[in-house]
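This is what each chain is made of:
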Amino acid sequence: MQSVTIDESLEKQVIDIAARAAEIIKDSPFQIDEKDGPVNIVTTNDVACQEFLYKELAPLIPDAGFLGEESLQDLDHPCLWVIDPIDGTANYSRGINECAISVALVQGKEPLLGVVYNIFTGEVFSARRGAGARRNGKPIAVSGRDFAAGLLCTAMSVYNKALAKTCSDIIYDAYMECNDVRRFGGCALELCYLAAGRCDLYFEMRVFPWDYAAGYLILKEAGGELTGFGGEVLDFTKATALIGANRRDNYEKMRAVVEKHMSAIPYKE
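These notes cover the structure that comes with them. Nothing here was measured: the structure is a model prediction, and the numbers come from that model.

Side note on the pattern of salt bridges
Then comes step 1: Inspection of the entire model under this criterion finds 21 salt bridges.
Then comes step 2: Salt-bridge contacts for glutamate 8 lead to lysine 12; the nearest nitrogen and oxygen are separated by 3.3 Å. Taken together, the positions of glutamate 8 and lysine 12, both in helix 1 (residues 8-25) and four residues apart, correspond to about one turn of that helix.
Then comes step 3: Taking relative accessible area as the criterion, lysine 12 reaches 52% and is therefore assigned exposed.
Then comes step 4: Between glutamate 11 and arginine 134 there is a salt bridge, and its shortest N-O distance comes to 3.0 Å. Of this pair, glutamate 11 sits in helix 1 while arginine 134 sits in strand 9 (residues 133-135); the two residues are 123 residues apart in sequence, bridging distant segments of the chain.
Then comes step 5: For glutamate 11, a relative accessible area of 4% corresponds to the buried category.
Then comes step 6: In the salt-bridge network here, residues are joined through shared partners; they are Asp16, Arg20, Lys55 and Glu56.

Description of the state of the cysteines
Then comes step 1: This model, assessed by the stated rule, comprises zero disulfides.
Then comes step 2: Here cysteine 99 stays free of any disulfide, with the sulfur of cysteine 49 as its closest cysteine sulfur at 10 Å.

Thoughts on the sheet that holds strand 8 (residues 124-128)
Then comes step 1: Strand order in this open sheet of eight strands is 4-3-5-6-7-8-9-10, and the pairing throughout is mixed. Edge positions in the sheet fall to strand 4 (72-74) and strand 10 (138-140), since each has one partner strand and no second. The sheet shows a mean angle of 25 degrees between the axes of neighbouring strands, taken without regard to direction.
Then comes step 2: In this sheet, strand 6 (residues 100-107) lies alongside strand 5 (residues 79-87) in antiparallel orientation, the contact comprising seven bridges. Its bridge partner being in strand 6, aspartate 84 is matched across the sheet by serine 102.
Then comes step 3: Each of strand 3 (65-68), strand 4, strand 5 and strand 6 touches helix 2 (residues 44-57); the most contacted strand, strand 5, lies at about 150 degrees to it.
Then comes step 4: With respect to the sheet, helix 5 (residues 187-195) is in contact with strand 5, strand 6, strand 7 (110-118), strand 8 and strand 10, its orientation differing from that of strand 7 by roughly 100 degrees.

Overview of unusual backbone geometry
Then comes step 1: A positive phi angle, near 55 degrees, is found at serine 71, a position not held by glycine.
Then comes step 2: For asparagine 136, which is not a glycine, the phi torsion comes out positive at approximately 50 degrees.
Then comes step 3: Its place among the elements puts asparagine 136 in the loop between strand 9 and strand 10.

Describing the side chain of aspartate 211
Then comes step 1: Along the chain, aspartate 211 turns up in helix 6 (residues 209-221).
Then comes step 2: We classify aspartate 211 as buried; its relative accessible area is 11%.
Then comes step 3: Beyond its immediate chain neighbours, meaning those up to four positions away, aspartate 211 contacts Asp84, Asp87, Cys187 and Ala188.

Procedures and definitions
- Residues numbered from 1 in each chain as written.
- Predicted model: local features only at pLDDT ≥ 70, side-chain atom pairs only at ≥ 80, totals over all residues.
- Heavy atoms only, no water.
- Salt bridge = Lys/Arg side-chain N within 4 Å of Asp/Glu carboxyl O.
- Helix = DSSP H or I, 4+ residues; strand = E, 2+ residues; numbered from the N terminus.
- Buried < 20%, exposed > 50% of the residue type's maximum accessible area, 1.4 Å probe, protein only.
- Disulfide = S-S within 2.5 Å.
- Pairing = 2+ DSSP bridges.
- Axes fitted to C-alpha atoms, helices over the stretch in contact; angles between N-to-C directions.
- Contact = heavy atoms within 4.5 Å.

Honestly, that's just the spatial picture; any functional story needs more than this.
What follows is the structure, encoded as structure tokens:
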């Protein structure tokens with residue numbers, strides 16, 4: 001594989017591509033289809049955005065592969081672009097501003113570059129490995145809040161409602177010890193909000209690599225903690241349960257709450 005230079009220039013190119021993709025789909029009409037029933041939908045703009053990202057990103061690193069939410073898998077490469085054309089499709093389809101384009105470049109289990117671009121507001125979060133995290137080009141860092149003052153971002157495993165009771169028990173126990181709970185409806189932006197100090201704790205039962213790959217790097221470069229279940233190192237090719245926090249002690253406490261109710265991940269994919 002050719003040497004990959006992960007520098008400010010590449011970061012700006014990816015941000016520009018995400019911005020142009022957002023302009024294409026922001027106000028465009030679309031149709032909605034169901035993937036696995038009404039809780040898991042896809043719009044024609046999800047597909048159009050992914051096709052645009054594929055076309056524009058491919059020349060940047062010619063021998064990189066792709067993993068995308070909308071049936072895009074070309075994994076036999078040392079580096080992968082991991083992309084979600086619209087993270088928060090349910091929000092997007094209703095005109096709710098909590099939705100984003102998420103683009104990550106990963107090499108094995110190491111993320112190299114991450115960009116999360118809010119489709120409606122233009123707010124952009126980005127990071128390169130070892131170069132810190134940024135919001136609209138300015139450095140960001142996690143908060144210093146303790147667990148009692150923390151806001152928890154979470155969800156209820158909407159794609160598999162059989163897991164809702166376990167999620168509910170975890171959320172309840174965390175809620176009783178933290179400040180409050182938030183549900184924005186998109187993993188990528190929620191991880192960025194944790195990176196920027198807007199919230200402080202994170203748990204979601206089942207999240208896919210295109211949801212978390214870019215946000216993971218942004219959060220880590222901002223000083224936060226994020227793993228899979230049981231402290232699993234993320235490999236960016238499979239779904240997992242995510243546990244995160246602004247500080248190590250808060251992460252350990254959030255992990256303990258999760259493991260009180262789960263002994264293993266209750267799904268295969």
